[in-house]
Amino acid sequence: MRNMKHPKALLVSLIIATTLTSSCKGSTHESSEPTNNPLAATDASTISPTSNMTAARSGHTATLLPNGQVLIAGGMERNGVLFRSAELYDPTTGRFTAANQSMNTQRVGHSATLLRNGKVLIAGGWSSQGLLATAELYDPGAGVFTPTGSMSVARGDFTATLLASGDVLVAGGENSGALLSAEIYDPATGQFTQTGNMNAGRTMHTAVLLSDGRVLVAGGGAYQHPLATAELYNATSGTFTVTGSMTVPRYKQAALLLADGNVLVVGGSDGRDWQGQYANAEIYSPANGAFSNIAHMNMARFKLPAAVALLKSGKVLIAGGGEQVEIYDPASRTFSVATGRMDAAKFYSTATMLTDGRVLVAGGYDNHSVASAKAWTYKS
């Protein structure tokens, strides 16, 4: 899902995914096998069900709002069933309720970024009519979505990163191929302006704001042809420069800034999707501009870019692409399995850190390409 040029083409992707599931729950690729990490001891933390969303969704976005609620927006149930609708999760009641208003258009493969003014910038993605350049703002106070300036080009499966300045960097994505271009959204003017191009076209990549204000962009690439390369965006100069490469090419992975300033990269695929899932993980050090391998996860995972969360303890929750949740401990650089499990592996689900330290894991689709309305909460 979310790797085709038009929602009508998603059916082909979903059929292929379902066909391969019976023989590809593990990986046949050497670097995907967790051979150097025997099954870790179970972590004492737990994941348990909470109430269901109002709709079954995958490829949606989940954004923690200043009031502590979580905005769930868009996504799709299956091919041809895309959503304009949005809903809110209230951690105090454990319930989802429909938002007062829907978005102005259907969106899947879009972005959602919390701005410093408390509004949420939602941009791009696919609708049933094709790729979108449009963007809109959600105002939690008024509970409404209003249009804002459009991007210079329609994009899906791109990254949107809140910069230290409060502006938003939009990079890459898909539009008749992987895009090199990037642009900046200015909340003060409500407009997008082009910035420097990346050194490689990237879609289904990751982008992480570093402690020094630069943005690490890694992996992705054209569909079925992921890259190992990475680059850094300098907001002052508006340029991208090449940095060290990952240890393997990957897309549909997850990446997250750790408390120590390093970046954790987990999972993804070597380009063969279900047959090429990775269990391996690596760390990027901004100090030396290099990636290095760490212990493998306990299972291969991909399609999890929004399903990881930094816990208050400094550990990392990895929830996507498997029935079991794993916890990464930066002190030992090892992974352990949390108590409890979800009912099925969830692809393109979301994981959102709540203000009370729990994590909300919502939606995603299973090995049979069926999206779920189910949600869980993780408590350490």
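Further up the page is the structure itself.
What you see is a predicted model; the values in this text were computed from it and never measured.

Novice: Help me understand the overall build of the protein, please; the structure alone is not making it clear to me.
Specialist: Per the secondary structure count, the protein includes one helix and 34 strands. The buried share of the protein, reckoned over its 380 residues, is 60%. Contacts spanning at least 24 positions in sequence make up 53% of the contacts within the protein whose residues lie at least 6 apart. Accessible area of the protein: about 13,900 Å², with a carbon and sulfur share of 52%.

Novice: Looking at this structure, I do not really get the environment of Leu311. What am I missing?
Specialist: As for its placement among the helices and strands, Leu311 is situated in the loop between β28 (308–310) and β29 (316–318). We classify Leu311 as buried; its relative accessible area is 7%. In sequence terms Leu311 and Ser380 are 69 residues apart; their C-alpha atoms lie 8.7 Å from each other.

Novice: Even after reading the chapter, I still don't get the sheet that holds strand β18 (residues 206–209), so can you show me in this structure?
Specialist: Strand pairing in a sheet is mediated by backbone hydrogen bonds. Such pairs are either parallel or antiparallel. A sheet is described by the order of its strands in space; here four strands give the open sequence β18-β19-β22-β23, paired in antiparallel fashion. Bordering the open sheet on either side are β18 and β23 (239–243), each of which pairs with just one other strand. Across the sheet, the mean angle from the axis of one strand to that of its neighbour is 25°, orientation sign disregarded.

Novice: It is not clear to me how the environment of Thr63 should be interpreted in this structure. Could you clarify?
Specialist: For Thr63, the location among the structural elements is in strand β2 (residues 61–64). Take Thr63: its relative accessible area is 6%, and that puts it in the buried class. Look past the residues within four positions of Thr63 in its chain and what remains in contact with it is Gln69, Val70, Leu71, Ala112, Leu114 and Val120.

Novice: Sorry if this is basic, but what is going on with the packing of aromatic side chains here?
Specialist: Any pair of aromatic rings gets described here by the distance separating the centres and the angle formed by the planes. Enumeration over the complete set of coordinates arrives at 12 aromatic pairs. Ring plane angle 50° and centroid distance 4.8 Å describe the contact between Tyr233 and Phe240, whose orientation is recorded as tilted. In terms of burial, Tyr233 and Phe240 fall into one category: buried. On the numbers, 5.8 Å between centres and 70° between planes, the contact of Phe302 with Phe347 is edge-to-face. Of this pair, Phe302 sits in the loop between β27 (290–293) and β28 while Phe347 sits in the loop between β31 (334–339) and β32 (350–353), and the two are 45 residues apart along the sequence. Judged by relative accessible area, which is 0%, Phe302 ranks as buried. The exposure class assigned to Phe347 is buried, which follows from its relative accessible area of 2%. For Arg57, the ring lying beneath its charged end belongs to Phe83, and the centroid distance is 5.1 Å.

Novice: What exactly am I supposed to notice about the pattern of salt bridges here?
Specialist: Note on pairing: side chains with opposite charge can pair once their charged atoms come close. Counted according to the given criterion, the structure contains 14 salt bridges. Measuring nitrogen to oxygen at the nearest pair gives 2.5 Å for the salt bridge that ties Glu282 to Arg250. Of this pair, Glu282 sits in strand β26 (residues 281–285) while Arg250 sits in the loop between β23 and β24 (254–257); the two residues are 32 residues apart in sequence, bridging distant segments of the chain. For the pair shown, Glu282 and Arg250 are each scored as buried. For Glu323, the salt bridge identified is with Arg341, shortest N-O distance 3.2 Å. A residue pair is termed long-range when its members are at least 10 positions apart, and Glu323 in the loop between β29 and β30 (326–329) and Arg341 in the loop between β31 and β32 qualify at 18 residues. On the basis of relative accessibility, which here comes to 31%, the residue Glu323 falls in the partly exposed class.

Novice: Whenever I open this one, the side chain of Glu326 confuses me. Can you help?
Specialist: In this fold, Glu326 is placed in strand β30. At 3.4 Å, the side chain of Glu326 and the backbone nitrogen of Met299 are in polar contact. Not counting chain neighbours up to four residues away, the residues in contact with Glu326 comprise Met297, Asn298, Met299, Arg301, Val316, Leu317, Ile318, Phe335, Ser336 and Val337.

Novice: Looking at this structure, I do not really get the pairing of strand β15 (residues 168–171). What am I missing?
Specialist: The two faces of a sheet get side chains in turn, since along a regular strand they alternate between them. Here β15 shows two buried faces, one formed by Val168 and Val170 and the other by Leu169 and Ala171. Sheet topology note: the strand β14 (residues 159–162)/β15 ladder contains four bridges and is antiparallel. Considered in β15, the bridge of Thr159 is made with Ala171. The antiparallel pairing of β14 with β15 creates a hairpin that spans five residues between the two strands, and Gly166 there sits at a positive phi of about 95°. Judged from the four bridges that link them, β15 and strand β16 (residues 182–186) form a sheet pairing that is antiparallel. Looking at β16, one finds that Val170 is bridged to Glu183.

Novice: Help me understand the nonpolar core, please; the structure alone is not making it clear to me.
Specialist: Soluble, globular proteins show a tendency: their nonpolar side chains are buried together. Residues Met53, Val70, Tyr89, Phe96, Phe347, Leu360 and Tyr365 are the most contacted members of the largest nonpolar core, which totals 18 residues. For this core, the secondary-structure elements that each account for two or more residues are β3 (70–73) and β33 (359–362). Of all hydrophobic cores here, the second largest spans 16 residues; its members include Ala254, Val308, Val316 and Tyr328.

Novice: Honestly, the sheet that holds β3 in this entry has me stumped. Any pointers?
Specialist: Here we have four strands laid out as an open sheet, ordered β2-β3-β6-β7, and antiparallel in their pairing. What marks the edges here is a single partner per strand, and that holds for β2 and β7 (95–98). Averaged over all adjacent pairs, the angle separating strand axes in this sheet is 25°, with direction ignored. Of the strand pairs in this sheet, strand β6 (residues 86–90) and β7 are connected by four bridges, and their pairing is antiparallel. The partner of Leu88 across the bridge, within β7, is Thr97.

Conventions we followed
Residues numbered from 1 in each chain as written. Predicted model: local features only at pLDDT ≥ 70, side-chain atom pairs only at ≥ 80, totals over all residues. Heavy atoms only, no water. Helix = DSSP H or I, 4+ residues; strand = E, 2+ residues; numbered from the N terminus. Buried < 20%, exposed > 50% of the residue type's maximum accessible area, 1.4 Å probe, protein only. Contact = heavy atoms within 4.5 Å. Areas by Shrake-Rupley, 256 points an atom, 1.4 Å probe, with all protein chains shown as cover. Pairing = 2+ DSSP bridges. Axes fitted to C-alpha atoms, helices over the stretch in contact; angles between N-to-C directions. Phe/Tyr/Trp six-rings, centres within 6.5 Å; stacked < 30°, edge-to-face > 60°. Lys NZ or Arg CZ within 6 Å of the ring centre and 35° of its normal. Salt bridge = Lys/Arg side-chain N within 4 Å of Asp/Glu carboxyl O. Polar contact = N/O pair within 3.5 Å; in protein donor to acceptor, adjacent residues only side chain to side chain. Core = buried A, V, L, I, M, F, W, Y, C linked by side-chain atoms within 4.5 Å.

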